[in-house]
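Here are the chains, one letter per residue:
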Amino acid sequence: MSLDTSTHSTPGVAPEPAPEPAPGSSSLTVFLETFGCQMNVLDSQLVHGQLTGLGYRFIDDWKRADVVLYNTCSVRERAEQKVWSRVGEVGVHKKEHPGVLLGVIGCMAERDGEDTIRKYPQVDLLCGPGELDKLPMLIDNAVRTGLEARGGLRAAKIALQGDTHRRSATLAAAEDKLEMLDLARSFSPDDHQGSAYVRITRGCNKFCTYCVVPRTRGAEVHRPPTHIVDECEKLVDSGVKEITLLGQTVNHYHYDNTQSVELHGHLQPQIGSIIGPNRGTGGPSPTFGAGVTSFAGLLKTICQEVPDLLRLRFVTSFPRDFGDDILQVMADEPRICRYLHLPVQSGSDRMLKMMNRGYTVDEFMDLVVRVRTFLPDAELATDIICGFPTETEDDHRATADLLRRGGFKNSFIFKYSPRPGTAAYDRLQDDVSEADKKRRNNELLAVQNEVSAQVHQAYVGKTIRVFVESISARERKAESRPGSVELGWEKPSDEQVTQLVGRTGGDIIVVFDGDLSLIGRVIEVKIVSAAPLTLFGELVGSPASVL
Ligand code: 5AD
Ligand code: SF4
């Protein structure tokens, strides 16, 4: 092991010779920063667990790290620009500290491939999101061989799916080593604060014309239900109270138990394909069938098999293929959170068609009505893209109208960002000006703010259950302000009352005063006032009565 760590030794103290570590293990320090979605957050947690198990130590200051990793997102250009600026900074740092190893992992690595290293020779390794199981080996190789041959494509360590990621179902199943990464996750209570993500589906087969995800994350692959339930059980045994199931299109989850292939003692995940047509306008989901675990079946099984789980959530749902069977399971099981993230993207049928979304505005609104019929207390959130190619003022007005009718508790509104490798990038001119995109974005935000304010106001006076996540942003800011201690700020003790933040089952943010022992628990809060995106409340009863 020959990474140059001398720059990190204490001045004046001769560094002790490092003991030779066991193969694959390490005593290096790692800085890992995550960009983008919840899927990336989970990937980073898995990478953290995997590298910690090999002896790597994670630190918060990238300038002191031996290995700097950026887990990246390609969905919009702005997210990428942030990473390039970080990569630039590390490049300057590496001039003085050539032993530092820089890795770009996740979707940008997959999308930009070797071009990254041509443009940024300071990057030592690239690892796509479908290859993260290979990351320890890549780091180890880069450490062992990189120092002699830094500064060129040949020296870089690369694991990308490239053209192989849409291979046959059998091949993919037999080769799905990525499953091992999820299976090997850490269940230490130190790694969660009562809440955890569990992946159920990887990749996406939808090919919305603007979206880079099917290219960077590959074909849809579903994990065996036994693995998912087992993971949920172990998490709950370690103190987790709330689990969020993750997938790009969770409601599309299905696993054919009659077709299971076992390899190395584990069932292999399956490549997804939809069984039968369903436009999501009622009736069961299209994946409902004998021998198949559907998404509704998976939710039911988790609730049955993991009775001590207090809350089960899932993101993201695709508006098509959302059957009543899922809504029925949710209605029957109060532990499943009444929250759906249902990205609509546009309120114009013409835009939806050009985006290849596979549903119309009326079909989407039918789903909203079905949700509210089965689950009158459900909250919905959506995503919108404004300024998609050829979007007119009429299309834009239709989107604003849909936001008014949808009653979403919040919307994530994005300006269209052309992404190389997508159909829209290849075939459509990005012809809505930046000024129009910005104006439309602001107009939609204003509409959504009004709707959000109404949704939140309706909670005032009610007592609701809240899962306590952490101290509030205000307290965190006070804590991190330079000189905060000198200015009189004191870190609250476990018993001291401070401002906390939590979420309702409908994913509404609630701020209230309480002590740190409440974090990771479900409590009751009486709501006294509301802002467009936050409720403010008071703890009800004694903490002893909380779950
Ligand atoms: N431009 C703008 N927004 C995008 N999204 C995905 N791709 C793009 C793009 N090229 C948004 C969609 C999606 C969310 C995760 O990101 O709204 O639902
Ligand atoms: Fe992208 Fe569409 Fe798949 Fe969502 S459903 S990840 S927007 S291709």
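Look up a bit, the structure's there.
The structure displayed is predicted, hence computed values, not measured ones.

A.B. asks: Just to check I follow, could you spell out the site of ligand 2 for this structure?
C.D. replies: Taken together, C204, K206, F207, C208, Y210, C211, V213, P214, Q248, T249, F318 and R357 form the complete shell of residues around ligand 2. Tallied by class, the residues present in the shell around ligand 2 amount to 8 nonpolar, 2 polar and 2 charged.

A.B. asks: What am I meant to see in the site of ligand 1 here?
C.D. replies: Surveying the vicinity of ligand 1 reveals the residues V75, R76, Y210, Q345, D383, I385, F414, K415, Y416, S417 and R419. Within the backbone of Y210, one N or O atom sits 3.0 Å away from a nitrogen atom of ligand 1. One of the side-chain nitrogen or oxygen atoms of D383 is found 2.6 Å away from an oxygen atom of ligand 1. Relative to its unbound accessible surface of 400 Å², ligand 1 loses 86% to contact with the protein. Residue assignment for the shell around ligand 1 shows that the elements contributing at least two residues are β18 (379-386) and β19 (410-415). Along the lines of polarity and charge, the residues of the shell around ligand 1 split into 5 nonpolar, 2 polar and 4 charged.

A.B. asks: Would you mind showing me how to read the sheet that holds strand β1 (residues 29-34) here?
C.D. replies: Remark on secondary structure: sheet strands pair via backbone hydrogen bonds, oriented parallel or antiparallel. Strand order in the open sheet formed by 6 strands is β2-β1-β3-β4-β5-β6, and the pairing between neighbours is parallel. What marks the edges here is a single partner per strand, and that holds for β2 (57-58) and β6 (157-159). Here 6 bridges tie strand β3 (residues 67-72) to strand β4 (residues 101-106), and the two strands are oriented parallel to one another. Considered in β4, the bridge of T72 is made with G106. Each of β1, β2 and β3 touches helix α1 (residues 38-53); the most contacted strand, β3, lies at about 155 degrees to it. Its contacts with the sheet place helix α2 (residues 77-96) against β1, β3 and β4, and it is angled at close to 170 degrees to β3.

A.B. asks: Is there a simple way to think about α1 in this case?
C.D. replies: An α-helix turns once every 3.6 residues. As a result, residues three or four positions apart point the same way. Between its first and last C-alpha, α1 extends 23 Å over 16 residues, near the 22 Å set by a 1.5 Å rise per residue. Among the residues of α1, M39, N40, L42, D43, S44, L46, V47, Q50 and L51 are the ones counted as buried. Backbone geometry just after α1 places G55 at a positive phi near 100 degrees.

A.B. asks: It is not clear to me how helix α16 (residues 434-457) should be interpreted in this structure. Could you clarify?
C.D. replies: Compared with an ideal rise of 1.5 Å per residue, which puts 24 residues at 34 Å, α16 spans 34 Å between its outermost C-alpha atoms and is within 8% of the ideal. The inward-facing, buried residues of α16 contact β18, α14 (393-406), β19, β23 (522-531) and β24 (534-539).

A.B. asks: For this particular structure, what's the right way to read the pattern of salt bridges?
C.D. replies: For side chains of opposite charge, pairing can occur when their charged atoms come near one another. In total, this model carries 40 salt bridges according to the counting rule given. Close ionic contact of E393 with R440 constitutes a salt bridge, the shortest N to O distance being 2.8 Å. Of this pair, E393 sits in helix α14 while R440 sits in helix α16, and the two are 47 residues apart along the sequence. For R440, a relative accessible area of 3% translates into the label buried. Where salt bridges share partners, they join D43, E179, D182, R185, R199, R202, R217, R223 and E231 into one cluster.

A.B. asks: Please explain the packing of helix α11 (residues 324-332) against helix α13 (residues 361-374) as it appears in this structure.
C.D. replies: When two helices pack together, their arrangement is given by the angle between their axes and by how far apart the axes lie. Orientation of α11 relative to α13, taken along the N-to-C sense of each, is 25 degrees, at an axis distance of 9 Å. When the axes of α11 and α13 are compared, the pair comes out roughly parallel. When you trace α11 past α13, the crossing you get is right-handed. Judged by residue contacts, D324, L327, Q328 and A331 of α11 engage R370, V371 and F374 from α13.

About the thresholds
Residues numbered from 1 in each chain as written. Chains lettered and ligands numbered in written order. Predicted model: local features only at pLDDT ≥ 70, side-chain atom pairs only at ≥ 80, totals over all residues. Heavy atoms only, no water. Near = heavy atom within 4 Å. Nonpolar A, V, L, I, M, F, W, Y, C, P; charged D, E, K, R; others polar. Polar contact = N/O pair within 3.5 Å; in protein donor to acceptor, adjacent residues only side chain to side chain. Areas by Shrake-Rupley, 256 points an atom, 1.4 Å probe, with all protein chains shown as cover. Helix = DSSP H or I, 4+ residues; strand = E, 2+ residues; numbered from the N terminus. Pairing = 2+ DSSP bridges. Contact = heavy atoms within 4.5 Å. Axes fitted to C-alpha atoms, helices over the stretch in contact; angles between N-to-C directions. Expected span 1.5 Å × (residues − 1). Buried < 20%, exposed > 50% of the residue type's maximum accessible area, 1.4 Å probe, protein only. Salt bridge = Lys/Arg side-chain N within 4 Å of Asp/Glu carboxyl O. Parallel < 35°, antiparallel > 145°, perpendicular 65-115°, else oblique. Left-handed = near helix turned anticlockwise from the far one by under 90°.

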